[in-house]
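What follows is each chain in one-letter form.
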Amino acid sequence: MTAVRYTKNILIYVCLIILAVIFAGPFIAMFLVAFQANPVTSARDIFNLNFTLSNFIRVFNESRLARWFLNSVITTGVVTVFGTFFSSLSAYVMAKKDFPGKELIFWLFLAVLMFPAHAWIIPMFIQMSRMGLVNTYWPFFLSGTSSAFGIFLLRQYIEQNVVSDILEAARIDGCGEFRTYFHIVLPTIIPGLITLAIFLFIQWWGQFMFALIMTTSGDMYTLPVGVALIRGVAQSNLRFVMATTAVAVLPSIVVFIFFQNYLMRGVVMQLD
Amino acid sequence: MTKGKRLEWSICYLFLLPNIILYLLVRLIPFGSTIFLSFTDWQLIGAPNFIGLQNFIDMLQYPVFWKAFNNTLMFAVYTVPLSIIFGLLMAVLVNRDLPGMKFFRSLYFLPYVTSVVFVAVIWRWLFATDTGLINVLLERAGIAAIPWLSSPKWALFSLAIVAVWQNVSFNMLVFLAGLQGIGKDVYEAATIDGATGVQSFIYMTVPLLKPTMTVAAIMTTINSFQVFDLGYVMTQGGPLDSTYTLVYYLYDFGFRYMEMGHASAVAVVLFLMIFSLSILQRVLLRER
């Protein structure tokens, strides 16, 4: 019996390691090229690594990578912070309050949740270019800080974790709505807020088509647009492409390492 | 009605205000405009002329629309079943308490957190016919090079492989949550009754997870219908339009040819395809 179990476990680990190669392999290959000192013309060249950081120094000096990085940090940062905050405001009211028109607003949020981006992207581009906001951060701020997904995620979290009796007690003690929200509701739902913030970060750090349409000047590209449009000499130099991509991927990996439990919980919450 | 009640309501509306204003401005009004524009011949200059259903009629007569439509469907046909099957198998594999399991689970989840564009740039090189890592490894194993992205026969399937690689990452977690809801006692009972691992997988796990599988399949289909980034970065829609999809068609007409009316008509078609799936998903989620 134990021998059978032993063999079975070995088989399981073999599968796990093969899968690890499939899922982490592409990222490892990316780093191997990015750190390679010799020119890489073919994958044959990556097996003898001659370690260097110079590719990273060169892409920062010779391309607009630093600028793209900054653009991504600003757009993603604002969207993440304000998107989480605005969603929590709506979510709290939708979970705990009754008022005329609530039903209508619920259906509004649900409809928006199910709109694919293509349903509004063309007129939004026209609107933004008429207002002179193409090639600014405003399209990102306006589009990203309203997250229907976030409202539903947090509404559910508030329903499950904020006890109505406490809100009622606070009200009887003369605690105003704003104080109740900031001192009782927000501290209680911090894990939910972190989960939503990570989803918004992932979504907007990687946002491509929207950013491609709303930015036409190289100085306003976000990382996905910059990376996708590397052309010409740089594209033929694989080391620079991979160094640029590695810089773009790294923040996601860091966020993932620190917050993966929140993220995994969020995936599960979407199904309830 | 008391004054206090009215004050409370106003505060509710105040809390909702940021979202409602933003939704009107960047979702509902643009959505209405998309539908309006789809009945016009607007090309960004001058006033839009109402042309009825002409955009839709034109679209149905363009071979390139049908090419994009078929490619989009085929992409979903390649992607969805594989994403579900591998996601489920991996969930079963990692759903056990062995040392290091948490590490492996996290590792498999990595592709999901990475942007499609970055992933596409990496895979564009892995798939390169003469110099890419995959063909170099195949060569060492004595297998002839495969024209992953350079042959119209392979290109769409190659993009689907990358999509599956990313979807599986997410679906594994979805199924893992489903498996952990089933409970160990059911399996123990089956083992006592003499069921083998494979038997309990086919006769218990699969039927019990069927609702989860349906929802995951719909979510994956919705994503597949919107594929754009992979084709844009890896193949530019080629070779011979073999990776040209509906969103790519919308992008070209809207943002390269400035045919806003025609692009809006495609947007309406895409919207109907995706919205009906979303409604189906809502209904199924509620039934559970």
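Everything numeric here is computed off the predicted structure, so don't read it as measured data.

Regarding the nonpolar core
The nonpolar side chains of soluble globular proteins are, as a tendency, buried together.
Then, number 1: By size, the foremost hydrophobic cluster in this structure holds 162 residues, and its most contacted members are Ala120(B), Leu250(B), Val266(B) and Leu270(B).
Then, number 2: Of the residues forming this core, the biggest block, 14 residues, is contributed by helix H7 (residues 155–182) of chain B.
Then, number 3: Looking at this core, you find at least three residues from each of domain 1 (2–46) and domain 2 (63–269) of chain A.
Then, number 4: In this view, Ala120(B) contacts Val162(B), Asp229(B), Leu230(B), Val233(B) and Met234(B); residues no more than four positions away in its chain are not counted.

Some words on the packing of helix H14 (residues 238–269) of chain A against H7(B)
Then, number 1: Put simply, H14(A) and H7(B) touch, their axes get as near as 9 Å, and they point 70° apart. Of the possible angle classes, the one that applies to H14(A) and H7(B) is roughly perpendicular. Considering how the two elements wind past one another, H14(A) and H7(B) form a crossing that is right-handed. In this structure, H14(A) uses Met264(A), Val267(A) and Val268(A) to contact H7(B), whose residues at the interface are Phe170(B), Leu173(B), Val174(B) and Ala177(B).
Then, number 2: Grouping the amino acids of the contact of H14(A) with H7(B) by side-chain chemistry returns seven nonpolar, no polar and no charged.

A look at the interface of chain A and chain B
Then, number 1: Each side of the interface is counted separately: chain A has 64 residues, and chain B has 67 residues.
Then, number 2: For the side of chain A that touches chain B, the leading source of residues is helix H1 (residues 2–34) of chain A, giving twelve residues.
Then, number 3: Residue composition of the side of chain A that touches chain B, by class: 48 nonpolar, 13 polar and three charged.

Notes on the confidence of the model for chain A
Then, number 1: Of all residues in chain A, 97% have pLDDT values of 70 or greater, and the mean over the chain is 90.
Then, number 2: When mean pLDDT is taken per element in chain A, helix H3 (residues 65–96) of chain A scores highest with 96 and helix H13 (residues 232–236) of chain A scores lowest with 62.

Some details on the domain arrangement of chain A
Residue and element names in this part refer to chain A.
Then, number 1: On domain assignment, one finds that chain A holds domain 1 (2–46) and domain 2 (63–269).
Then, number 2: Centre-to-centre, using C-alpha coordinates, domain 1 lies 33 Å away from domain 2.
Then, number 3: Residue-level contacts link six residues of domain 1 with six residues of domain 2.

Comments concerning unusual backbone geometry
Across residues other than glycine, the phi torsion is negative in most instances, and most of the peptide bonds are trans.
All names here are of chain B.
Then, number 1: Of note, the amide linkage connecting glycine 238 to proline 239 takes the cis form, showing an omega dihedral of -15°.
Then, number 2: Its location among the elements puts proline 239 in the loop between helix H11 (229–234) and helix H12 (246–255).
Then, number 3: Unlike most non-glycine residues, aspartate 241 shows phi in positive territory, near 60°.
Then, number 4: Under the C-beta neighbour-count criterion, aspartate 241 is labelled partly exposed, with 18 such atoms within 10 Å.

Cut-offs and rules
- Residues numbered from 1 in each chain as written.
- Chains lettered and ligands numbered in written order.
- Predicted model: local features only at pLDDT ≥ 70, side-chain atom pairs only at ≥ 80, totals over all residues.
- Core = buried A, V, L, I, M, F, W, Y, C linked by C-beta atoms within 7 Å.
- Buried ≥ 20, exposed ≤ 12 C-beta atoms within 10 Å, placed from the backbone.
- Helix = DSSP H or I, 4+ residues; strand = E, 2+ residues; numbered from the N terminus.
- Domains from an automatic or database assignment.
- Contact = placed C-beta atoms within 7 Å.
- Axes fitted to C-alpha atoms, helices over the stretch in contact; angles between N-to-C directions.
- Parallel < 35°, antiparallel > 145°, perpendicular 65-115°, else oblique.
- Left-handed = near helix turned anticlockwise from the far one by under 90°.
- Nonpolar A, V, L, I, M, F, W, Y, C, P; charged D, E, K, R; others polar.
- pLDDT = per-residue confidence, 0-100.

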